[in-house]
Amino acid sequence: MSKSKSSESVKVVVRCRPMNEKERAANFERVVSVDVKLGQVAVRNPRGASAHEHPKVFTFDSVYDWNSKQLDLYDETFRPLVDSVLLGFNGTIFAYGQTGTGKTYTMEGVRNDPERRGVIPNSFEHIFTHISRSQNQQYLVRASYLEIYQEEIRDLLSRDQSRRLELKERPDTGVYVKDLSSFVTKSVREIEHVMNVGNQNRSVGATNMNEHSSRSHAIFVITIECSELGPDGENHIRVGKLNLVDLAGSERQTKTGAQGERLKEATKINLSLSALGNVISALVDGKSTHIPYRDSKLTRLLQDSLGGNARTVMVANIGPASYNLEETLTTLRYSNRAKNIKNKPRINEDPKDALLREFQEEIARLKEQLEKRSGKKKKKRRRRKFGEAGEELDDDNNADYWREQQEKLEKERKAIMEDHSLVAEEKQRLLREKEKKMDDLHREKEALEMLASKVKAMESKLLVGGKNIVDHTNEQQRILEQKRHEIAEQKRREREMQQEMECRDEETLELKETYSSLQQEVDIKTKKLKKLFAKLQAVKAEIHDVQEDHIKERQELEQTQNELTRELKLKHLIIENFIPLEEKNKIVVRATFDEEDDTWKMRPITRIQDDQQMMSRPVSAVGYRRPLSQHARMAMMMRPDARYRAENILMLELDLPSRTTKEYEEPVIAPKVAAALEDALREEDEIQVDASGLYANMGSSPGLGPGAMAGGFSKKPKSGRPKTGKKASTPTAAHSPSGSGSPLYPQSRGLVPK
Ligand code: ADP
Ligand code: MG
């Protein structure tokens, strides 16, 4: 391993996939050639005028052609990276390229085929094998899986797939995803399960899987914590984090014709990817002081991997066919730039947030508890044993102890049962006591067992190696792996030497200054000239291409800008013409820009801004702490009693409804009529009235009672019905002047005027 302080470049490898069925069927030309030995990719432009053009050549750390095996890639390129993650470095693998060029194939591969498994499953195997072979080390492995789609982060392992997570930053540990779930895994099978769950969730959220996966970034994170006893006698923890990133397709998103929502969407889709490009440019530029990490979620999250303290490998995937030419060249240029990013890898030693430390402490705490509990038991037992018969103390076995205790209690219980000298009551009491003791014993035992199982469960999560290290096949496998490793290393060195030789070749040409003859000089110089000329042409072509690329990009940006300007103008127009000025001002005052979320937000209306004076007070509150009603103010002045002082009782004038009825008026009877009436009534003296029922009911009614009983209305000739009516309990029915409908009174015979 290289020294931890020195800087190293991002490693960039290129992989070209084979022609697929369709391309073969359509007879597409292959424009990419790969020189594995030299680590070079050459792309030739097959079209007319530029047919004589030299192919464009790019050199990388290593290149893989269509025959490359997944395992070769792993051994040569990814294994060293995962090894350093196991040592406590952070490591990142990016897969970059156009959709359909093999990013997912490289990262995940074909799940059920061991030959074609990608980096992620291969790294599982690698990590857990390493752990099982380790000695005197404790490991904790956990995994998370997330996705970034349209600048929103989704936790692929959480139950609630509709939730979006946020990025947060802490000064000590840097940028992290808040509430991201992570699962502790103890074996390859378990971590594979985690990956499968995430992959399922990835497709669940998408309506069109193809489009979705080509526009989203998937990041699988494996965190490996390792604890080892240091020379200072202390446990030291190293934490390595491996980010496995399957990026969105790098093809240009066509923004033409997009408007409104769709335009917004289009500009957002590959924001993370273009931000990644900008970060790379800024990093290798050498002049930029500002690296725009904050421009996108992806670059913020992977800040460490780009110019930070992580080791990084980028796999650029390309397609071989002619119709991919442009994208292939873009991908190669992009990754060519990334080669120059310098990282300063560093081991994360004893970080504050190591989960392993927490686990160890928790286990120690539980063990101590366990110790205390069982220690108490043993002491008790010892004391008792000495007291009783001085039995031997050699069986410290716990199970024995529990059995013994139970048997003893059982025996004692039996003894009580059989003891006839005891009174029944006393016996019951003693029996109950014994039973309670037995219960307690049980409970104690259960509690202890639970504690023990908890300790066991926690300990099982911490992985320790060295168990099957002696097993033979394992050993052979290890040797095999080492050999493979050596071969990979050998290849790498060969390639480097080849590349170096190429360089030297040119230099030596210059060094050979002495010529034996003029002809020779001409020959050599011509050769040199030719070579340099070719080089010049290549560089010129490259410059031309890059310029064209720039122009195209610029045009696209201008177009986007135009669209946005147009939309802005429209919005302005609407605001100027249709929104009242004060409303607009209100909104302008309330709007604030949220740096964290990169959006404009509205402050709630009710909140009084800190920097502003209180809003002017309502008139009713002037001079008081809060608005007061007239009543309360009066009460404050009039009464010493505090009760109504602050009560906002409203004083209102009584607002009575206007009457809709008339006062009752007694009928006015002319004296003549009255006399006649009297006569008429008198004549009816003989009429018998059966009012016994009424009497029973109206016994308390003085006006009616006696008269009715006597059957003589005559006795109260002037009392006037209205008066009695007022007193009676059923006035209207009983005393209506007409008397109609009343069964209690005789029908008048029409003598009484209405
Ligand atoms: P991407 O994720 O970049 O969109 P995929 O990984 O889905 O692309 O690859 C597209 C297709 O090409 C898949 O069917 C995959 O099996 C195939 N493929 C890609 N790379 C290779 C390779 N190196 N060897 C064989 N098949 C490949
Ligand atoms: Mg893919």
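Given the structure is predicted, the values throughout are model-derived calculations rather than measurements.

1. Overview of the packing of aromatic side chains
Point 1. Here the structure, examined in full by the defined rule, presents six aromatic pairs.
Point 2. Measuring from centroid to centroid gives 4.6 Å for Phe 28 and Tyr 323, while their planes differ by 40°, and the two rings are tilted. Placement of the pair is Phe 28 in the loop between α1 (21-25) and β3 (32-35) and Tyr 323 in the loop between β15 (310-318) and α10 (325-338), with a sequence separation of 295 residues.
Point 3. Phe 28 gets classed as partly exposed once you look at its relative accessible area, which sits at 33%.
Point 4. For the pair Phe 593 and Trp 600, a centre-to-centre distance of 5.3 Å together with 65° between the ring planes defines the contact as edge-to-face.
Point 5. Given a relative accessible area of 37%, Phe 593 falls into the partly exposed group.
Point 6. Clustering of aromatic rings is evident, with ring pairs tying together Phe 124, Tyr 145 and Phe 220.
Point 7. We note Arg 311 situated over the ring of Phe 89; from NZ or CZ to the ring centre the distance is 4.5 Å.

2. Concerning the confidence of the model for the protein
Point 1. Chain-level statistics for the protein give a pLDDT mean of 78 and a share of 76% at 70 or above.
Point 2. Ranking the helices and strands of the protein by mean pLDDT puts strand β2 (residues 11-16) first, with 94, and helix α20 (residues 705-710) last, with 42.
Point 3. Note on residues 380-396: pLDDT is under 50 here. Beyond four places in sequence and across chains, it has 19 contacts.
Point 4. Segment residues 698-742 is flagged for pLDDT under 50; beyond a separation of four residues in sequence, or across chains, it makes 36 contacts in the model.

3. Considerations on the UniProt feature "binding site: ATP" (unreviewed entry) in the protein
Point 1. On the UniProt side, "binding site: ATP" (unreviewed entry) is annotated at positions that read Gly 97, Gln 98, Thr 99, Gly 100, Thr 101, Gly 102, Lys 103 and Thr 104 here.
Point 2. Looking at the secondary structure, you find Thr 99 in the loop between β7 (90-97) and α3 (103-107).
Point 3. Discounting residues that sit within four places of it in the chain, Thr 99 has contacts with Ser 214, Gly 249 and Glu 251.
Point 4. Here Thr 104 shows up in helix α3.
Point 5. Other than its neighbours up to four places away in sequence, Thr 104 contacts Gly 109 and Asp 246.

4. Here we look at the site of ligand 1
Point 1. Close contacts around ligand 1 come from Arg 15, Arg 17, Pro 18, Gln 98, Thr 99, Gly 100, Thr 101, Gly 102, Lys 103, Thr 104 and Tyr 105, and that covers them all.
Point 2. Protein contacts shield 65% of the accessible area of ligand 1, which totals 560 Å² for the unbound molecule.
Point 3. It is α3 that contributes the most residues to the shell around ligand 1, three residues altogether.
Point 4. When the residues that make up the shell around ligand 1 are grouped by side-chain class, the tally is two nonpolar, six polar and three charged.

5. So, α10
Point 1. Between its terminal C-alpha atoms α10 stretches 20 Å, which fits the 20 Å expected from 14 residues at 1.5 Å a residue.
Point 2. Among the 14 residues in α10, ten count as buried, and that is most of the element.
Point 3. Leu 325, Glu 327, Thr 328, Leu 329, Thr 331, Leu 332, Arg 333, Tyr 334, Ser 335 and Ala 338 are the residues of α10 that are buried.

6. Considering the environment of Lys 454
Point 1. When you line up the elements, Lys 454 lands in helix α13 (residues 424-461).
Point 2. Judged by relative accessible area, Lys 454 falls into the partly exposed class, the value being 45%.
Point 3. Expressed as a C-alpha distance, the spacing of Lys 454 and Lys 367, which sit 87 residues apart in the sequence, is 9.6 Å.

7. Here we look at a nonpolar patch on the surface
Point 1. Judged by side-chain polarity, Leu 570, Leu 573, Ile 574, Ile 575, Phe 578 and Ile 579 come together as a nonpolar surface patch covering roughly 570 Å² of accessible area.
Point 2. Its place among the elements puts Leu 573 in helix α15 (residues 518-578).
Point 3. Relative accessible area serves as the criterion here: at 53%, Leu 573 is assigned to the exposed category.

8. What to know about the pattern of salt bridges
Point 1. Taken as a whole and judged by the stated rule, the model has 42 salt bridges.
Point 2. The closest approach of N and O atoms between Arg 311 and Glu 8, which form a salt bridge, is 2.8 Å. Taken together, the residues span a long stretch of sequence, with Arg 311 in strand β15 and Glu 8 in strand β1 (residues 8-9) at a distance of 303 residues.
Point 3. Residue classification places Arg 311 among the buried residues on the basis of a relative accessible area of 9%.
Point 4. When salt bridges with common partners are traced through the structure, they connect Lys 56, Arg 333, Glu 542 and Asp 545 into a single cluster.

Conventions we followed
- Each residue is numbered by its place in its chain's sequence as written, counting from 1.
- Lettering for chains starts from A, numbering for ligands starts from 1, and both go in the order in which the items are written.
- Only residues with pLDDT of 70 or above have their local features reported here, since the model is predicted, and side-chain atom pairs are shown and tallied only from 80 upward, although totals for entire chains, interfaces and linings are computed over all residues.
- No hydrogens and no water enter the side-chain calculation; it runs on all heavy atoms of the structure.
- By convention, a stacked pair of Phe, Tyr or Trp rings (six-membered ring in the case of Trp) has centres within 6.5 Å and planes under 30 degrees apart, an edge-to-face pair has planes over 60 apart, and any other such pair is tilted.
- We count a stretch as a helix when DSSP gives it H or I for four or more residues in a row; a strand needs E for two or more, and each element gets its number in order from the N terminus.
- The rule is simple: take the accessible area with a 1.4 Å probe, protein chains only, and divide by the maximum for that residue type; under 20% is buried, over 50% is exposed, in between is partly exposed.
- In this scheme, Lys NZ or Arg CZ marks a charge over a ring once it lies within 6 Å of the ring centre and within 35 degrees of the ring normal.
- Scored from 0 to 100, pLDDT reflects the predictor's confidence in each residue.
- Whether two residues touch is decided by their heavy atoms; if any such pair falls within 4.5 Å, the residues are in contact.
- UniProt positions are given in the numbering used here, feature names are shortened, and annotations may be inferred rather than shown by experiment.
- One heavy atom suffices: a residue is near a molecule or strand as soon as one of its heavy atoms comes within 4 Å of it.
- Only the protein chains shown count as cover for residues, and the accessible areas themselves come from Shrake-Rupley with a 1.4 Å probe.
- For this scheme, ten residues count as nonpolar: Ala, Val, Leu, Ile, Met, Phe, Trp, Tyr, Cys and Pro. Four count as charged, namely Asp, Glu, Lys and Arg, and the remainder, Gly too, count as polar.
- An expected span of 1.5 Å times one less than the residue number is assigned to each helix.
- Like charges are joined within 9 Å and nonpolar side chains (Val, Leu, Ile, Met, Phe, Trp, Tyr) within 5 Å, but only among residues with over 30% relative accessible area and no salt bridge; these make up the patches.
- The salt bridge criterion pairs a side-chain nitrogen of Lys or Arg with a carboxyl oxygen of Asp or Glu, the two atoms within 4 Å.

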